[in-house]
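Each chain, written out:
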Amino acid sequence: MSPAAPTPLNAPAAVAAPAAPTAPGTHYPLWESLLPAAEQGRIERRAVGAKGSRLRFADASEVLDATSGLWNVNIGYGNAAIADAIAQACRDASYLNLFRYSHTYALQAARDLVNAAGPEAYRRVVFATSGGSANDLAMKLARQYAVLRGQPERRLVVGLKGSYHGLTYGAHSLTGEALGQQMYGVDLRNVRHVDPSSPDELERFMKRHGSQVASLVCEPVLGSGVHPLSAEFVDAVLKLRREYGFLLVADEVATGFGRTGPLFASSAWAESPDLLLTSKGLTNGTCAASAVLVSHAIAEAFERHDTVLMHAETQAGTPASCAAITTTLEQFAELDVLAASARTAERLDTLLAELTERIPAVHSTSGVGCFRAVHLRDADGDRFDGQAVQDVIAAVRDHGALVYPGPGCVQLVPMLTSSEQDLDDLAHALLRGLAAVGRR
């Protein structure tokens with residue numbers, strides 16, 4: 001059954017006319033993320049409402065959101081079941097924490113996550129508040145597990161070049177893109193990065209340093225540019241894990257909750273990871289929440305030594321966020337979201353083939369499921385630079401859709417439950433937006 005087309009947004013009763021700041025930071029109190037000061041405060045970027053697959057902005061524009069928020073609103077804005085569950089949890093237990101206590105909401109959410117991901121692979125769940133903090137937590141877990149095994153020399157955490165894991169200090173060090181790590185004093189002494197396109201490089205690295213490696217962290221699909229790990233690389237990782245004994249961490253912050261097809265992309269691997277990280281789709285974007293699913297071997301080591309993991313967050317695993325997790329999983333079953341995701345992916349295949357055929361600037365496409373990228377080249381064959389990509393995004397938005405920037409590409413991350421009309425609107429906006437920018 002095709003998902004119903006989203007209902008139009010109701011216009012707000014009144015939207016105050018926003019005053020553009022004359023001097024950034026002087027009259028405009030909000031510091032917007034990842035924008036220079038001169039770009040902040042623009043009304044065309046100020047959202048005032050969201051419903052289904054559509055966003056309404058303060059300039060009265062309404063656009064299809066083909067970014068799913070920040071890749072996290074997988075089943076649409078305004079899901080009533082999730083909103084009701086959060087509201088009920090806030091009324092019944094407005095705040096409960098996990099510092100030396102537990103509560104029934106967190107216990108239920110943990111059970112649901114283990115059952116969804118596979119109780120044969122995972123035993124326990126640690127809650128956090130973001131993908132970055134989940135990566136920090138996983139780094140701590142891996143290093144402490146090594147100590148419990150009598151291998152304190154295992155301090156290295158290995159990531160992949162071109163990867164993105166967040167901007168907290170631990171995750172920032174693990175992120176394999178150059179994002180100001182040196183300027184911010186990020187500690188890289190116990191972090192290394194290898195090329196995800198080269199199993200041989202990984203093998204050479206492990207021959208030199210394998211006994212010092214606590215964990216290897218992989219995104220099943222590298223989010224920057226949307227590049228899936230090859231089967232060859234995954235096979236090499238699994239073989240080397242057996243040989244050298246490091247932990248394998250699957251960072252599924254972006255790929256989890258049906259984004260690439262299955263509920264978790266790593267479920268397609270021949271062997272399960274030791275730690276699985278999930279965040280973005282975990283609450284359908286409604287709460288600041290993440291979770292680390294822990295294998296039996298790791299959990300048993302901590303239980304056997306009766307030791308404490310030194311990680312806790314005030315807002316981790318609250319009743320509201322846990323109610324959202326439980327209800328999101330229920331909605332995946334009730335709405336048959338994975339089947340809807342497969343249908344959306346098929347329509348994306350058709351759309352990407354049409355773009356490749358009709359738009360000269362489209363050099364190639366990449367990705368899987370509902371996680372795709374359109375890679376762009378100019379008339380000289382050079383990859384689009386950052387400004388050219390932003391020009392494409394602006395042109396596509398002018399024709400009715402919001403898409404996401406990537407290195408030399410635009411990224412398409414539509415809602416898994418996108419309707420046929422949504423995909424038609426996305427095709428219209430991409431074809432006309434790309435044609436308007438053209439090859440430079």
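In the block above lies the structure referred to throughout.
Read on for a plain summary of the structure. As a convention, each chain's residues are numbered from 1 in the sequence order in which they are written. Totals for whole chains, interfaces and linings use every residue, but because this is a predicted model, local features are given only for residues with pLDDT of at least 70 and side-chain atom pairs only at 80 or more, for both listing and counting. Here the side-chain values reflect all heavy atoms present in the structure, with hydrogen atoms and water set aside.

So, on to the sheet that holds strand β11 (residues 275-278). As a general point, the strands of a sheet are linked pairwise by backbone hydrogen bonds and lie either parallel or antiparallel. Two strands are counted as paired when DSSP detects at least two bridges linking them. Numbering of helices and strands runs from the N terminus; a helix is a DSSP stretch of H or I covering at least four residues, while a strand is a stretch of E covering at least two. Judged by pairing direction, the sheet is mixed, and its seven strands sit side by side in the order β4-β12-β11-β10-β7-β5-β6 without closing on themselves. Strand pairing shows two members of the sheet lacking a second neighbour, β4 (122-128) and β6 (191-194), which therefore form its edges. Across the sheet, the mean angle separating the axes of adjacent strands is 20° when strand polarity is ignored. Bridge count between β11 and strand β12 (residues 290-295): four bridges; the pairing is antiparallel. By the bridge assignment, Leu-275 is partnered in β12 with Val-294. Contacts from helix α4 (residues 131-148) reach β4, β5 (156-160), β6, β7 (213-218), β10 (247-251), β11 and β12, with the element oriented near 25° to β12. Against the sheet, helix α6 (residues 199-209) engages β5, β6 and β7, with an angle of about 150° to β6. Helix axes are fitted only over the stretch in contact, all axes being lines through C-alpha atoms; the angle between N-to-C directions runs from 0 to 180 degrees. In what follows, a contact means two residues having at least one pair of non-hydrogen atoms within 4.5 Å.

Turning our attention to the sheet that holds strand β13 (residues 362-368). Strand order in the open sheet formed by four strands is β13-β14-β17-β16, and the pairing between neighbours is antiparallel. Every interior strand has two partners, whereas the edge strands, β13 and β16 (404-406), have only one. Adjacent strand axes in the sheet meet at a mean angle of 25° when their direction is disregarded. Inspection of the sheet shows strand β14 (residues 371-376) paired to strand β17 (residues 409-412) by four bridges, in the antiparallel sense. Bridge pairing links Arg-372 to Leu-412 in β17. Along the sheet, helix α10 (residues 337-358) makes contact with β13, β14 and β17, crossing β14 at roughly 5°.

A few words on the state of the cysteines. We call a pair of cysteine sulfur atoms a disulfide whenever their separation is within 2.5 Å. Under the definition given, this model contains zero disulfides. There is no disulfide at Cys-287, and the cysteine sulfur nearest it, in Cys-90, is 7.6 Å away.

The next subject is the pattern of salt bridges. Two side chains bearing opposite charge may form a pair once their charged atoms approach each other closely. By salt bridge we mean one thing: a side-chain nitrogen of Lys or Arg within 4 Å of a carboxyl oxygen of Asp or Glu. A full pass over the atoms with the stated rule returns 20 salt bridges. Between Glu-243 and Lys-239 there is a salt bridge whose closest N-O contact spans 3.9 Å. With Glu-243 and Lys-239 both in helix α7 (residues 231-244), this residue pair falls four residues apart, about one helical turn. For Arg-372, the salt bridge is made with Asp-349, and the minimal N-O distance between the two is 2.8 Å. Here Arg-372 is found in strand β14, whereas its partner Asp-349 is found in helix α10, with 23 residues between them in sequence. Residue exposure (1.4 Å probe, protein chains only): buried if accessible area is under 20% of the type maximum, exposed if over 50%, otherwise partly exposed. Classification of Arg-372 as buried rests on a relative accessible area of 7%. When its relative accessible area of 40% is taken as the criterion, Asp-349 is described as partly exposed. Several salt bridges share partner residues, and in doing so they unite Glu-39, Arg-42, Glu-44 and Arg-45 into one network.

Turning to the environment of Gly-285, a few remarks are in order. Its place among the elements puts Gly-285 in the loop between β11 and β12. Taking the C-alpha atoms as reference points, Gly-285 and Leu-70, separated by 215 residues in sequence, lie 8.2 Å from one another. Filtering out sequence-adjacent residues up to four positions away, Gly-285 remains in contact with Asn-72, Val-73 and Lys-280.

In this section: the packing of aromatic side chains. The pairing test for Phe, Tyr and Trp rings, Trp by its six-membered ring, is centres within 6.5 Å, and the orientation test on the planes gives stacked under 30 degrees, edge-to-face over 60, and tilted for anything in between. For the structure shown, the criterion picks out four aromatic pairs. Consider the rings of Trp-71 and Tyr-404, whose centres lie 5.2 Å apart with planes at 75°: the pair is edge-to-face. A residue pair is termed long-range when its members are at least 10 positions apart, and Trp-71 in helix α1 (residues 68-71) and Tyr-404 in strand β16 qualify at 333 residues. Residue Trp-71 is classed as buried on the basis of its relative accessible area, which comes to 10%. Centroid distance Phe-257 to Phe-332: 5.6 Å. Interplanar angle 85°. Geometry classified as edge-to-face.

What follows is about the pairing of β6. Looking at chain direction, β5 and β6 are connected through four bridges and run parallel. Bridging from a neighbouring strand, Gly-159 pairs with His-193 of β6. The path from the first strand over the helix to the second decides the hand: if it runs clockwise while the strands point away from the viewer, the crossover is right-handed. Where the polypeptide runs from β5 across helix α5 (residues 169-174) and back to β6, its parallel neighbour, the crossover connection is right-handed.

Put simply, side chains in a regular strand alternate between the two faces of the sheet. Side-chain alternation along strand β2 (residues 54-57) places Arg-54 and Arg-56 on one buried face and Leu-55 and Phe-57 on a second face that is also buried. Of the pairings in the sheet, the one linking strand β1 (residues 47-51) to β2 comprises four bridges and is antiparallel in character. Paired with Gly-49 across the strands is Arg-56, a residue of β2. Joining the antiparallel neighbours β1 and β2 is a turn of two residues, in which Gly-52 adopts a positive phi near 60°. By the bridge criterion, three bridges tie β2 to strand β3 (residues 62-65) in an arrangement that is antiparallel. Of the residues in β3, the one forming a bridge with Leu-55 is Val-63. The turn joining β2 and β3, which pair antiparallel and follow one another in sequence, is formed by four residues; a positive phi near 80° is taken by Ala-60.

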